[in-house]
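The lines below spell out each chain.
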Amino acid sequence: MNEARSDALAFFGATGDLAYKKIFPALHAMARRGHLNFPVIGVAKSGWNLDQLRARARDSIKNHGGGVEEEAFAVLLKHLDYVDGDYRDDATYAELRRKLGKATHPAHYLAIPPSLFATVVEGLARSGCAKNARLIVEKPFGRDLPSARELNRIIHTVFPEDDVYRIDHYLGKEPVQNLLLFRFANTFLEPIWNRNYVDSVQITMAESFGVQGRGTFYEEAGAIRDVVQNHMLQVVGFLAMEPPVTTYHESIRDEQVKVFRAIRPLNPEDLVRGQFEGYRKEHGVAPNSTVETFAAVRLHIDSWRWEDVPFFIRAGKCLPVTTTEVLVTLKRPPLRKVGDTNYFRFRLSPEVIIAVGSQVKRPGEQWGTESTELKVVQNAQGDQMDPYERLLSDAMAGDGMLFAREDAVEAAWAVVQPILGDVTPVHEYKPGTWGPPQAERLTQDVGGWHDPEQLSDMM
Ligand code: BG6
């Protein structure tokens, strides 16, 4: 780990969607905390000037950053600068180098399509901007295993792996980090967290909205590339990993990648794909598109701890609710004939819930049990950091723990590689349902899918 703090941030794609929705709000939040004390230089080819970028920043923070705090915003404006130029033109990088001023250890954030990575990485190298620099890159990191390898090769021609920060914003989410801490900071959990006690694990990432005008992007992605290969597998990694040791910094990422390598590459039999009715009419979507907006998979982890424990992932657009939830179901106790099984339920968003499903005596004469949940609900509050603020701060500080490492990205692609494309039919489902009924067969041996509810329905 290279510990020197970056002393400037350049972000490419400054006038784009990601900067608008995530990067400006994160910079504003850093300013609010007193952590924004370095030049921030937006780069784009839009024919804009700095005033236009400033206006865009204000608008972004108003709409996506919870409102503008004038004092913090003034700090951001003080540090914000802009280079308008073509990514293929050396003059763009010469101007960037000039604006980096005295910075000797800049970070460059590529919030641009991967097809432009090579051009920008080479431009940074030719101009001297890459010297002692870090590179932050956004997902999608490739569209399959060969393209991810090629991207890594291109990046490594200039930036060594230690200086590369691949963002998977799920790793920046506190409730996702909590999975790891909850597992390893509590004595009661670890002894039962294995094939002897765990019956199955399910993760559902449900979104009640569609592709929100991103039809063109989504046509290139689909649910497997968009969220299963990255966000969902990261969650599996945290749920399934061995305890990391505390003697060296890379141990969490080492354990994470060991899980990905232990997952059997997915077989089409373990996949059900769906597409919501109406997707083909979305702007930018082919009228005969077979891209999936829903994917359900059954994973097998070939490890000592998890052999024969099925892990299920289900992710989809236009489902009944927007929430991500993990359910870890335990085996039945011996001699028990009635009642449900025990489980741990972790809701990762929008609220944070940790719940334990238990059996208690049913009040009254009868000698029977009923199910109850011991539950803690934490609403997003207090000092909680937005994932992008967390990740940007970590990258500037040179802490790579919450970023996807080269070997992990490639191992995750290797898991989904056999199910990319039209390897199975895509089944249509009605918006507002839990996807195509065909997905039921995957979980039939473990009592079916667990459908997360709206929180208001459960209180
Ligand atoms: C993104 C996907 O990576 O994650 C989107 O491209 C998805 O399709 C989003 O909606 C979900 O993130 P969050 O933080 O809103 O749960």
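Residues numbered from 1 in each chain as written. Predicted model: local features only at pLDDT ≥ 70, side-chain atom pairs only at ≥ 80, totals over all residues. Heavy atoms only, no water.

### Section: the overall build of the protein chain
Right, so step 1: Assigned secondary structure in the protein chain consists of 12 helices and 15 strands.
Right, so step 2: The C-alpha radius of gyration of the protein chain comes to 23 Å, within 12% of the 23 Å expected for a compact globule of 459 residues.
Right, so step 3: Taken over the C-alpha atoms alone, the protein chain extends approximately 80 × 50 × 40 Å along its principal axes.
Right, so step 4: For the protein chain, the residues scored as buried account for 53% of the 459 residues in total. (Helix = DSSP H or I, 4+ residues; strand = E, 2+ residues; numbered from the N terminus. Rg over C-alpha atoms; globule rule 2.2 N^0.38 Å. Buried < 20%, exposed > 50% of the residue type's maximum accessible area, 1.4 Å probe, protein only.)

### Quick look at the site of the ligand
Right, so step 1: The environment of the ligand is formed by Lys139, His169, Tyr170, Lys173, Met205, Glu207, Arg214, Asp226, His231 and Lys317.
Right, so step 2: Lys139 is positioned with one of its side-chain polar atoms (N or O) 2.7 Å from an oxygen atom of the ligand.
Right, so step 3: Arg214 has a polar side-chain atom sitting 2.8 Å from an oxygen atom of the ligand.
Right, so step 4: Calculation on the ligand without its partners gives an accessible area of 390 Å², and the protein chains cover 75% of this total. (Near = heavy atom within 4 Å. Polar contact = N/O pair within 3.5 Å; in protein donor to acceptor, adjacent residues only side chain to side chain. Areas by Shrake-Rupley, 256 points an atom, 1.4 Å probe, with all protein chains shown as cover.)

### Things to note about the packing of aromatic side chains
Right, so step 1: Summed over the entire model, instances satisfying the criterion amount to 12 aromatic pairs.
Right, so step 2: Both rings, one in Tyr165 and one in Phe403, keep their centres 5.1 Å apart while their planes meet at 90°; by these two values the pair is edge-to-face. One end of the pair, Tyr165, is in strand 6 (residues 164-166); the other, Phe403, is in the loop between helix 10 (387-397) and helix 11 (406-416), with 238 residues separating them in the sequence. Of the two residues, Tyr165 and Phe403, neither departs from the other in class, the shared state being buried.
Right, so step 3: Between the aromatic rings of Phe182 and Phe188, the centroid separation amounts to 6.0 Å while the plane-to-plane angle is 75°, which identifies the pairing as edge-to-face.
Right, so step 4: The structure contains a cluster of three or more aromatic residues connected by ring pairs, namely Phe12, Tyr87 and Tyr93.
Right, so step 5: The ring of Phe141 has Arg166 lying over it, and the distance from NZ or CZ to the ring centre is 4.9 Å.
Right, so step 6: A cation sits over an aromatic face here: Lys173 above Tyr170, 4.8 Å from the ring centre. (Phe/Tyr/Trp six-rings, centres within 6.5 Å; stacked < 30°, edge-to-face > 60°. Lys NZ or Arg CZ within 6 Å of the ring centre and 35° of its normal.)

### Description of the sheet that holds strand 13 (residues 352-361)
Right, so step 1: Pairing within the open sheet is mixed, and its nine strands lie in the order 14-13-12-11-7-10-9-8-15. The open sheet is flanked by strand 14 (369-378) and strand 15 (426-429), the only strands paired with a single partner. Here the strands of the sheet are splayed against their neighbours by 15° on average, with no regard to which way each runs.
Right, so step 2: The pairing of strand 13 with strand 14 spans 10 bridges and is classified as antiparallel. Within strand 14, the residue paired with Gln359 across the bridge is Ser371.
Right, so step 3: Sitting on the sheet, helix 7 (residues 174-184) is in contact with strand 12 (343-349) and strand 13, with an inclination near 150° to strand 12. (Pairing = 2+ DSSP bridges. Axes fitted to C-alpha atoms, helices over the stretch in contact; angles between N-to-C directions. Contact = heavy atoms within 4.5 Å.)

### Quick word on the environment of Arg390
Right, so step 1: Residue position: Arg390 is located in helix 10.
Right, so step 2: Residue classification places Arg390 among the partly exposed positions, given a relative accessible area of 24%.
Right, so step 3: Sequence separation of Arg390 and Ala286 is 104 residues, and the distance between their C-alpha atoms is 37 Å.
Right, so step 4: Other than its neighbours up to four places away in sequence, Arg390 contacts Gly172, Gln177, Met385 and Leu402.

### Quick notes on the pairing of strand 8 (residues 271-276)
Right, so step 1: Of all six residues that make up strand 8, six are buried, and the element is covered over most of its length.
Right, so step 2: Strand direction decides the pairing type here: strand 8 and strand 9 (residues 294-299), joined by four bridges, are antiparallel. In the sheet register, Gly274 faces strand 9, and the bridge partner there is Phe294.
Right, so step 3: One ladder, built from four bridges, connects strand 8 with strand 15; its direction is parallel.

### Some points on the packing of helix 1 (residues 17-32) against helix 2 (residues 50-64)
A pair of packed helices is captured by two measures, namely the crossing angle of their axes and the spacing between those axes.
Right, so step 1: Close contact between helix 1 and helix 2 brings their axes to 8 Å; oriented N to C, the two are set at 80°. Viewed along their axes, helix 1 and helix 2 adopt a mutual orientation that is roughly perpendicular. Contacts between helix 1 and helix 2 pair Asp17, Ala19, Tyr20, Lys21, Phe24, Pro25 and His28 from the former with Leu53, Arg56, Ala57, Asp59, Ser60, Ile61, Asn63 and His64 from the latter.
Right, so step 2: Along the lines of polarity and charge, the residues of the contact of helix 1 with helix 2 split into seven nonpolar, four polar and four charged. (Parallel < 35°, antiparallel > 145°, perpendicular 65-115°, else oblique. Nonpolar A, V, L, I, M, F, W, Y, C, P; charged D, E, K, R; others polar.)

### Structural notes on the sheet that holds strand 2 (residues 40-44)
Right, so step 1: Read across the sheet, six strands follow the order 3-2-1-4-5-6 without closing on themselves; strand pairing throughout is parallel. One side of each edge strand has no neighbouring strand; the edge strands of this open sheet are strand 3 (80-84) and strand 6. Strand after strand, the sheet turns through a mean of 20° between neighbouring axes, direction not considered.
Right, so step 2: Judged from the five bridges that link them, strand 1 (residues 8-12) and strand 4 (residues 106-110) form a sheet pairing that is parallel. Within strand 4, the position partnered with Ala8 by the bridge is Pro106.
Right, so step 3: Sheet strands in contact with helix 3 (residues 70-79) are strand 2 and strand 3, and its direction is about 40° off that of strand 3.

### A few points about empty space enclosed by the protein
Right, so step 1: Inspection of every chain in the model, using the stated rule, returns four cavities of 30 Å³ or more.
Right, so step 2: Each pocket or cavity is described by its volume, and for the largest cavity that value is around 130 Å³.
Right, so step 3: In terms of lining residues, the largest cavity is bounded by 16 residues, among which Asp168, Gln229, Asn230, Ala404 and Val409 are the most central.
Right, so step 4: Elements with a contribution of two residues or more to the lining of the largest cavity: helix 8 (215-240) and helix 11. (1 Å grid on protein atoms, 1.4 Å probe; cavity = no way out; pocket = protein on both sides within 12 Å on 5 of 7 lines; lining within 4 Å. Points joined across faces, edges and corners; volume = space filled by probe spheres on them.)

Geometric values such as these leave the question of function open.
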